[in-house]
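Structural overview for review
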Amino acid sequence: MFFSKIIDFANNRVVIDGTNADDLKVFRPGIKALKELKIHSPFAEFEITKQEIRDFAKHCGIKIYNKPSTPCFATRFPYNTLLCETLINKAKEGEKILKYYGFSDCRFRIHNDIARIEIPLCEINKFIGLREKILIKLKSLNLKYYTLDIEGLRIASMDCALSDTQPAQKKQAE
C-alpha cells in the first residue's frame, strides 16, 4: 500500500527503493511486491551492500551514516500473524520505552502474549540494571510475559529458516 501511494504520487516516473545486496541474502517477503510494482532497487541490482552504503555516506560526511536500521514494524511478529493497529502500536510503544532507557538499537517482538526483547549483547548488563524500571513501563502494554532474548539483537530473527544451498529470493518466489 505504501509503495502504491508513492507510484501514484510519482505520476509515471521511475520509483526506486533502498533494498541492498544484503537484503537478498535473507527472507524479505516485500521484495516480491516491489518487483510486482516495478520498483527499482539499484543497490541490490549493482550488488552494493549495506556496509558499502554506510562507508560511502561516512566518506561524504553524512552524520547519520551509522544510524540503526528501522525495518517495518510487521517484522516484529511471527509470519501469518493477523496484524492490526493495536498490535503494531504495542510493538512501537515497547521500542519507544526501550529507547527512552538508552537502547537505541532494539527490537520489541511480540509472539501472541509474549514480548521478546532484543538488544545488542554488549548492553544486556545495562538492561539488567534497569530491568525493574523498564518492566514497570512495559506492563502497560498488557502482555502476559516479558522476556529478554539471550541471543541478543539479530537482524531478521523472525525469518523462516532457509536452506544454505538455496538463495533467499529464489525461495521467496516459490
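Our structure's up above, just so we're on the same page.
If you're wondering where the values come from, they're calculated on a predicted model, not measured in any experiment.

Each value, and the rule that gives it
Residues numbered from 1 in each chain as written. Predicted model: local features only at pLDDT ≥ 70, side-chain atom pairs only at ≥ 80, totals over all residues. Heavy atoms only, no water. Helix = DSSP H or I, 4+ residues; strand = E, 2+ residues; numbered from the N terminus. Contact = heavy atoms within 4.5 Å. Pairing = 2+ DSSP bridges. Axes fitted to C-alpha atoms, helices over the stretch in contact; angles between N-to-C directions. Buried < 20%, exposed > 50% of the residue type's maximum accessible area, 1.4 Å probe, protein only. Expected span 1.5 Å × (residues − 1). Bend = angle between axes of the 7 residues up to and from the residue. Phe/Tyr/Trp six-rings, centres within 6.5 Å; stacked < 30°, edge-to-face > 60°. Lys NZ or Arg CZ within 6 Å of the ring centre and 35° of its normal. Parallel < 35°, antiparallel > 145°, perpendicular 65-115°, else oblique. Left-handed = near helix turned anticlockwise from the far one by under 90°. Nonpolar A, V, L, I, M, F, W, Y, C, P; charged D, E, K, R; others polar.

Examining the environment of A44
Summarising the element assignment, A44 is placed in helix 3 (residues 42-45). The spacing of A44 and N20 is 24 residues in sequence and 4.2 Å in space, taken between C-alpha atoms. Here A44 is in contact with T19, N20, A21 and L24, once residues within four sequence places are set aside.

Focus: the sheet that holds strand 2 (residues 114-118)
The strands making up a sheet are joined through hydrogen bonds of the backbone, oriented either antiparallel or parallel. Spatial strand order, 1-2-3: three strands in an open sheet with mixed pairing. The strands lining the two open edges of the sheet, one partner per strand, are strand 1 (107-111) and strand 3 (145-148). Averaged over all pairs of adjacent strands, the angle between their axes in this sheet comes to 25 degrees, without regard to strand direction. With five bridges joining them, strand 1 and strand 2 adopt antiparallel strand pairing. Across the sheet, residue R109 finds its bridge partner in strand 2, namely R116. In the packing of helix 5 (residues 85-100) onto the sheet, the strands contacted are strand 1 and strand 2, and the crossing angle to strand 1 comes to about 145 degrees. With respect to the sheet, helix 6 (residues 124-138) is in contact with strand 1, strand 2 and strand 3, its orientation differing from that of strand 3 by roughly 165 degrees.

Quick word on the pairing of strand 1
Most of strand 1 sits out of view: four of its five residues are buried. Joining the antiparallel neighbours strand 1 and strand 2 is a turn of two residues, in which N112 adopts a positive phi near 55 degrees.

Here we look at helix 6
Relative to the 21 Å expected for 15 residues at 1.5 Å per residue, helix 6 spans just 17 Å between its end C-alpha atoms, considerably shorter than the ideal helical length. At L130, helix 6 shows its maximal bend, which comes to roughly 65 degrees. Buried within helix 6 we find I124, F127, I134 and L138. Those residues of helix 6 that are buried are in contact with helix 5, strand 1, strand 2 and strand 3.

Quick word on the packing of aromatic side chains
Per the stated rule, a full pass over the model turns up two aromatic pairs. Centroid distance Y100 to Y101: 5.0 Å. Interplanar angle 85 degrees. Geometry classified as edge-to-face. Relative accessible area serves as the criterion here: at 15%, Y101 is assigned to the buried category. Taking the ring centre of F103 as reference, the NZ or CZ of K126 above it sits at 4.6 Å. Sitting above the plane of the Y100 ring, K137 keeps its charged end 5.9 Å from the centroid.

A word on unusual backbone geometry
Look at K38: it is not a glycine, yet its phi comes out positive at around 60 degrees. The phi dihedral of N112 falls on the positive side, at around 55 degrees, and the residue is not glycine. Looking at the element boundaries, N112 is found in the loop between strand 1 and strand 2.

Observations concerning the packing of helix 5 against helix 6
Axis separation between helix 5 and helix 6 bottoms out at 10 Å; the angle between their running directions is 140 degrees. For the element pair helix 5 / helix 6, the angle class is oblique. Relative to helix 6, the crossing made by helix 5 is right-handed. For the pair helix 5 and helix 6, the contacting residues are G94, I97 and L98 in the first and F127, I134, K137 and L138 in the second. A class-by-class count of the residues in the contact of helix 5 with helix 6 yields five nonpolar, one polar and one charged.

Keep in mind that these numbers describe shape and distance, not what the molecule does.
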